[in-house]
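Summary of the model geometry
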Protein chains: 2
Amino acid sequence: MKGPMASTGLKRQTMSAALTDELRERILNLDIPEGEQLRQDTLAAEFGVSRIPVREALLQLEGEGLVTLSAHKGYTVTALSLDEIRELFDLRALIEVDLLQRAIPRLETHHIERAREILATFDEMLSRGSQERDWGQLNWELHAVLYEPAERPRALSIVRNLHRNADRYLRLQLKLTQRTNERAREEHNRLVNLCADRDVIEASRLLNEHVLAARDDLLAFLAERRGSGENTHEE
Amino acid sequence: MKGPMASTGLKRQTMSAALTDELRERILNLDIPEGEQLRQDTLAAEFGVSRIPVREALLQLEGEGLVTLSAHKGYTVTALSLDEIRELFDLRALIEVDLLQRAIPRLETHHIERAREILATFDEMLSRGSQERDWGQLNWELHAVLYEPAERPRALSIVRNLHRNADRYLRLQLKLTQRTNERAREEHNRLVNLCADRDVIEASRLLNEHVLAARDDLLAFLAERRGSGENTHEE
DNA sequence: GCGACGTATATTGTATAAAATATATATCGA
DNA sequence: TCGATATATATTTTATACAATATACGTCGC
């Protein structure tokens, strides 16, 4: 469940897969900004591989929605409108609440324990100063462990993708505002406690509010930012 | 909105895209059965292209869930368990009901007209004898036109993919039982009428029942079939 | 005969090279 | 000068060739 062959440094099974992960991380971390053209030979040269695995990585990311292909013109990093970002969160709320309702009756003690471990890691991170790079991953793991007992692999996969697509913008927000982090932390704690109590009704309500509050926070942040020139990285 | 450049025979913008469509159609139509290995050389030779566009088409289909890649071992046509098929329909019900609720208040006359056109095409098809090949496409178009006013592109894309994944099994059922078709036809008519009346409550209820009834019908059919050796294609 | 190892073959994964398409620049005519 | 067409350049798409990996088979030792 952790990172595959972590710390060994052994290279992945295929270049395509490794490139997919690396490119995804760069996009999510905004190292490559929205709308940017992705030149195949440039990437190939940078990674020291041919263009074939680069193309295959980009194709994979296109399936995830992170890049957009225009035939014969190439790939660009997908730029989402505020409406599209809103939709990500609305879908998250819809599907995740359903997952949680199915999962809670089947939650075992070890699920709760794992969730509390993740909460502890969150706190640790918070005290060490913002690590927005890992925040999204940790946030996903917490949600995923609560939904896992539902045994709904397709729904889980869809939700993971929704998280990923929203992650870019959440990281941006985390970089600039600390309040979001604290609020999420508090709601996560309550959510795990409600799950431990098997309180389906209240846990569902809280989860729904949690996701929609994150939505509104983020949209307000982005609306402000986009309205006024959005100057963060200069060139 | 119809088939792109139908009958012209003009090749698509790229080979990869054309191959993706062709392979998808073969898989959905069960020309290539579940679990079958897809050899890249074989496909390349058959279509008269190199393995590169074949690989890219397969990668695309993997993103859609129709094929599964095992590193260094190749692609196989994804085989779904009954539980996974159940999940497809449960997700459809969840997301489509939400879409319909958002769409109905924004439905315009021309949406309804278009829906009735599709219903007429259904009837025409029914009278000409079963054309299970087009059934899934038509079914999707009907649902899509009702959801379109919601302006939720991501949700629509997810639902289209769910339809596609279920389509293989629906076609199988349609080939062997006519009753499903008639039942769907009747429910579709009622659904469009309720939409025309802007009756969100009843339309939502009917849509939910419609999808879940299709689910139960199909699962019963497949359980029967899988239990008893599933002999249809001999070799 | 049985299991472990090594080789041969088939298939996938990647690199390089050629073809097709799009974009930019230049040339021509009015 | 302006617009349109033609040419050149950049980039993507596809083909061919090579390398890496997995599977099948056979050989050897016991």
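In what follows, the structure referred to is the one given above.
Residues numbered from 1 in each chain as written. Chains lettered and ligands numbered in written order. Predicted model: local features only at pLDDT ≥ 70, side-chain atom pairs only at ≥ 80, totals over all residues. Heavy atoms only, no water.

A closer look at the overall build of chain A
The condition is simple: Helical segments are the DSSP runs of H or I of at least four residues, strand segments are the runs of E of at least two, and each set is numbered from the N terminus. We take the radius of gyration over the C-alpha atoms and set the globule estimate at 2.2 Å times the residue count to the 0.38 power. Throughout this description, buried means an accessible area under 20% of the type-specific maximum (1.4 Å probe, protein chains only), exposed means over 50%, and partly exposed covers the range between. Between two residues, a contact is recorded if the distance between any of their heavy atoms is within 4.5 Å. Surface accessibility in these figures is a Shrake-Rupley result with a 1.4 Å probe; residues are shielded only by whichever protein chains are displayed.
Check the secondary structure of chain A and you find nine helices and three strands. A globule of 235 residues ought to have a C-alpha radius of gyration of about 18 Å, and chain A, at 19 Å, matches this closely. With the principal axes as the frame, chain A shows a C-alpha extent of 55 × 45 × 35 Å. Residue burial in chain A is summarised as follows: out of 235 residues, 47% are buried. Within chain A, residue pairs in contact and separated by at least 24 positions form 75% of the contacts whose partners lie at least 6 positions apart. Surface summary for chain A: the accessible area is close to 11800 Å², and the carbon and sulfur share equals 48%.

Quick word on the protein's contact with DNA strand C
Under the convention used in this document: The cutoff for a nearby residue is simple: one of its non-hydrogen atoms must lie within 4 Å of the molecule or strand. N or O atoms closer than or at 3.5 Å make up a polar contact, with two conditions inside protein: a donor-capable atom paired with an acceptor-capable one, and, for residues adjacent in sequence, both atoms drawn from side chains.
Residues in contact with DNA strand C amount to 19 residues; listed here are only the nearest, A:M15, A:S50, B:R39, B:R51 and B:R55. Sugar plus phosphate, as a fraction of atoms of DNA strand C within 4 Å of the protein: 74%. Within the backbone of A:S50, an N or O atom sits 2.5 Å from a phosphate oxygen of DNA strand C. For DNA strand C, a phosphate oxygen lies 3.3 Å from a polar atom in the side chain of A:K73. Mapped by element, the contributors of at least two residues to the surface near DNA strand C are α1 (15-28) and α3 (51-64) of chain A together with α2 (40-47) and α3 (51-64) of chain B.

Thoughts on the pairing of strand β2 (residues 67-70) of chain B
It is a general feature of regular strands that their side chains alternate between the two faces of the sheet. Residue and element names in this part refer to chain B. The following threshold applies: Pairs of strands are assigned from DSSP output, requiring at least two bridges between the strands.
In this structure, β2 lies alongside strand β3 (residues 74-77), joined through four bridges in antiparallel fashion. Counterpart to L69 in the pairing with β3 is Y75. In this structure, the hairpin formed by β2 and β3 is closed by a connection of three residues, where H72 is found at a positive phi of approximately 70°.

A look at the protein's contact with DNA strand D
Here is the rule we go by: Only Asp, Glu, Lys and Arg are considered charged in this grouping, and only Ala, Val, Leu, Ile, Met, Phe, Trp, Tyr, Cys and Pro are considered nonpolar; every other residue, Gly among them, is considered polar.
Within the structure, DNA strand D sits among 19 residues, and A:R39, A:R51, A:H72, B:M15 and B:S50 are positioned closest to it. Put simply, 72% of the atoms of DNA strand D that lie within 4 Å of the protein are in sugar or phosphate. In the model, a phosphate oxygen of DNA strand D is placed 2.8 Å from a nitrogen or oxygen of the A:H72 main chain. Within the side chain of B:S16, an N or O atom sits 3.1 Å from a phosphate oxygen of DNA strand D. If you list the elements that add at least two residues to the surface near DNA strand D, you get α3 of chain A together with α1 (15-28) and α3 of chain B. Of all the elements, α3(A) adds the most residues to the surface near DNA strand D, at three residues. The residue inventory of the surface near DNA strand D, partitioned by class, reads seven nonpolar, seven polar and five charged.

What about the sheet that holds β3(B)?
Residue and element names in this part refer to chain B. How we decide: In this analysis an axis means a line fitted to C-alpha atoms, helices contributing only their contacting stretch, and an angle means the value between N-to-C directions, from 0 to 180 degrees.
One open sheet holds the three strands; their spatial order is β1-β3-β2, and the pairing between them is antiparallel. At either end of the open sheet lies a strand with only one pairing partner, and these are β1 (37-38) and β2. In this fold α3 packs onto β1, β2 and β3, with an angle of close to 110° to the strand it touches most, β2.

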